[in-house]
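This is what each chain is made of:
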Amino acid sequence: MFALMNLVGDIGGWSIDEDRSACESMAPGDYITSSYYEHWLHGAETLLQKHGLATRDEIASGRAATPSRAATPTPASSVWPAVTARGSYQRQARAPALFEVGDAVRTRNIHPTGHTRLPRYLRGHAGEIIAVHGAHVFPDSNANGRGEDPHWLYTVRFNAGEVWGGGSSHLIHADLWEPYLESL
Amino acid sequence: MPHDGHHHDHDHDDEGSELSPLALRVKALESLLVEKGYVDPAALDVMIDTYETKIGPRNGARVVARAWTDPDFAQWLKRDATEAIASLGYVGRQGEHMVALFNTPALHNMVVCTLCSCYPWPVLGLPPVWYKAMPYRSRAVIEPREVLKEFGVTLPEDKEVRVWDSTAEVRYLVIPERPEGTGSLSEDQLAALVTRDSMIGTGLAKVPA
Amino acid sequence: MNGPHDMGGFTGFGPVIAEADEPVWHDVWEPRAFAINLAMGMTGSWNIDMARHKREQLPALTYWRSSYYEMRHYALINQMVALGLITAEEEATGRMLTPPKPVRRVATADMVPGILAAGGPATRPSNRPQGYAIGDKVRARNITPEGHTRLPRYARGRLGEIVAVHGTHVFPDSSAQGQGDDPHWLYTVRFTGRELWGKDTQDSVCIDLWEPYLESLA
């Protein structure tokens, strides 16, 4: 499944964010009771249909019934170079960074209906910027086919006591994009 | 929620081969508890009969119809719904602390229990499957208007939707707006317009044909 | 506990599917399971908060995949086994292998109507002063108790307004742990959808919350 997903992703031309979003679209009971690679399988089936590369019946039967949309299969000889190529999600920044290391920030309390990489448990909490990673592809846009829309990416440190209440004293770090943050 | 293999035959005879593994498990537990002397099988029959035939949403519909026709009763419901409802004979388990929520042209009330399935049994009976299932429990508080649309209810944008999450032992009954053109109807005729969903807040009272 | 029962705000469970003219029961075992559950509750071996807590402690997958009566049945078994009223082996075989334990009450058929009509009021007298009044602005505390609580996760840390005062009620966080009724003032608190979800909406959610869940904004 691992190999298949990588190859169909290559042929279909969708992004890692669209891929994650498709994996997350499983019904929660199914998502939690199935294995990691079953999530990948669900994602691949969803995206093959969405992008017109295969129909539901074809996936069920394992046989091609309609001519495929023009797509070039990945030859074996190009797999190793593709795996070892250094893909990057960093992009040219379009504006100066709003925050710098040491800044106190609060995560926004947002509940997008689409894909997001801001976990629910970290919404509405105060933290501190501890690293600035440059501008990176913004998953909330990229997953929905709206382009890469790069934004500044930061590592933010939270106190577990702030996140969960009570006396926990460990630290939690999360990589968060600028649109998830506001100044304190 | 899935309920595969529906059987509506309550006089089903108890041949093991026809029962699902869960049905057999429930049956085995019942005989064990009877053997241990913890439960009286005749008492179980009374409980089942009570919620199957005696308690249901017709009770709530009578409360609503009375509120529509009797302003003093409506005031009493607003002040002390538990006592007002008890005056019609509807009391007991899961209705010990009642609150009536009056819909108005500016406000639509809708009831959920996100943490379990709290529901006002004495006036509405046992809850329907969808009320206890995950889609309603998860979505009613975050996207009530989308949920209402799935029930065929679209409300004006300027009307507030107020969702009540039953986290305590307080139980909520929605008093829907009285439909237009029902001035001449009797209390019984009005009660027939009051659906279960209109008292949960996922529906509106029926308009007379 | 942040268990599988705390459903508010999840998305992805699909549409709400309402069955037209739904019957009270959907399978022969449902009324029996429902009544067994009710009858065992009447033995006085646990309270409603303990029963809810046992359901929340089911494995998440069991909780989400089971129907309502099925889920309650599994929790009932766990509760009875934990208290030694039955053993797991007895449950598996349906045969009595150990003597019964004494219970406070066994409801007979003639007692049932009276018990159901009496219900179990949750109000209790208390000397605690009332901390908030209608109109007060409060914040739901950001707490993550390991045990039972009725403060939903989606409301924690959020700002609201007291819209009703219900008197002093049994406090589930204490009662579920067998630590007594510990009655506290119960309020209805109204939160705007904007505050809860960051959405541009005028809709709101009202939640019944005990005083220990709240703090003043001062």
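Small disclaimer: the values here were computed from a predicted structure and weren't measured. (Residues numbered from 1 in each chain as written. Chains lettered and ligands numbered in written order. Predicted model: local features only at pLDDT ≥ 70, side-chain atom pairs only at ≥ 80, totals over all residues.)

**Thoughts on the overall build of chain C**
As a reminder of what qualifies: The secondary structure listing takes helices from DSSP runs of H or I that are at least 4 residues long and strands from runs of E that are at least 2 residues long, numbered from the N terminus. Our exposure labels follow a C-beta count within 10 Å of each residue's own C-beta, placed from the backbone: buried means 20 or more other C-beta atoms, exposed means 12 or fewer, and partly exposed covers the counts in between. The contact criterion used here is simple: two residues whose C-beta atoms, placed from the backbone, lie within 7 Å are in contact.
On a plain count of helices and strands, chain C comes out with eight helices and five strands. Counting from the amino terminus, helix and strand elements in chain C follow one another as α-α-α-α-α-α-β-β-α-β-α-β-β. Along the first, second and third principal axes, the C-alpha set of chain C runs to 60 × 45 × 35 Å. Scored against the burial criterion, the 218 residues of chain C give a buried share of 43%. Taking the contacts inside chain C whose residues are at least 6 apart along the sequence as the reference set, 63% of them involve residues at least 24 apart.

**With respect to the domain arrangement of chain A**
All names here are of chain A. Defined as follows: Boundaries between domains were set according to an automatic or database domain assignment. Just so you know the grouping, Ala, Val, Leu, Ile, Met, Phe, Trp, Tyr, Cys and Pro go in nonpolar, Asp, Glu, Lys and Arg go in charged, and all remaining residues, Gly too, go in polar.
Annotation of chain A at the domain level lists domain 1 (2-84) and domain 2 (90-183). Contact residues are listed per partner, giving six residues for domain 1 and five residues for domain 2. Per-class residue counts for the side of domain 1 that touches domain 2 are no nonpolar, two polar and four charged.

**Concerning helix α4 (residues 68-82) of chain C**
Put simply, the rule is: A helix's residues, less one, multiplied by 1.5 Å, set its expected span.
Between its first and last C-alpha, α4 of chain C extends 21 Å over 15 residues, near the 21 Å set by a 1.5 Å rise per residue. Tyr68, Tyr69, Glu70, Met71, Arg72, His73, Ala75, Leu76, Gln79 and Met80 of chain C are the residues of α4 of chain C that are buried. Among the structural elements, α1 (21-35) and α7 (129-132) of chain B together with α1 (29-42), α2 (48-56) and α3 (60-65) of chain C are those in contact with the buried residues of α4 of chain C. Gly84 of chain C occupies a position one or two residues after α4 of chain C and carries a positive phi of about 75 degrees.

**Considerations on the sheet that holds strand β5 (residues 214-216) of chain C**
Our working rule: We treat two strands as partners when DSSP finds at least two bridges between them. Structural elements are reduced to axes, namely lines fitted to C-alpha atoms, with helices fitted over the stretch in contact, and the angle between N-to-C directions of any two is expressed from 0 to 180 degrees.
Taken in spatial order, the seven strands of this open sheet run β2(B)-β3(B)-β4(C)-β3(C)-β2(C)-β1(C)-β5(C), and their pairing is mixed. Strands with a single pairing partner mark the edges of an open sheet, and in this sheet they are β2 (107-112) of chain B together with β5 of chain C. Adjacent strand axes in the sheet meet at a mean angle of 35 degrees when their direction is disregarded.

**Side note on the interface of chain C and chain B**
Listed as interface residues are 72 residues of chain C and, on the opposing side, 71 residues of chain B. Broken down by secondary-structure element, the contributors of at least two residues to the side of chain C that touches chain B are α1, α4, α5 (88-93), α6 (112-118), β2 (159-169) and β4 (204-210) of chain C. Tallied by class, the residues present in the side of chain C that touches chain B amount to 42 nonpolar, 17 polar and 13 charged. Across four bridges, the pairing between strand β3 (residues 160-165) of chain B and β4 of chain C is parallel. Paired with Trp164 of chain B across the two strands is Cys206 of chain C, which belongs to β4 of chain C.

**Notes on the pairing of strand β4 (residues 170-175) of chain B**
By the criterion of burial, β4 of chain B is predominantly enclosed, with six of the six residues buried. Of the two faces of β4 of chain B, the one lined by Val170, Tyr172 and Val174 of chain B and the one lined by Arg171, Leu173 and Ile175 of chain B are each fully buried.

**So, the pairing of β2 of chain B**
Residue and element names in this part refer to chain B. Taking burial as the measure, the six residues of β2 include five buried ones, the bulk of the element. Sheet analysis places β2 next to β3, joined by six bridges and oriented parallel. Across the sheet, residue Leu107 finds its bridge partner in β3, namely Glu160.

**Observations regarding unusual backbone geometry**
Unlike most non-glycine residues, Gln94 of chain B shows phi in positive territory, near 65 degrees. Summarising the element assignment, Gln94 of chain B is placed in the loop between α5 (81-86) and β1 (97-102). Classification of Gln94 of chain B as buried rests on a count of 22 C-beta atoms within 10 Å. Even without glycine at this site, Asp21 of chain C takes up a positive phi of about 45 degrees. Assessed through the 4 C-beta atoms surrounding it within 10 Å, Asp21 of chain C is described here as exposed.

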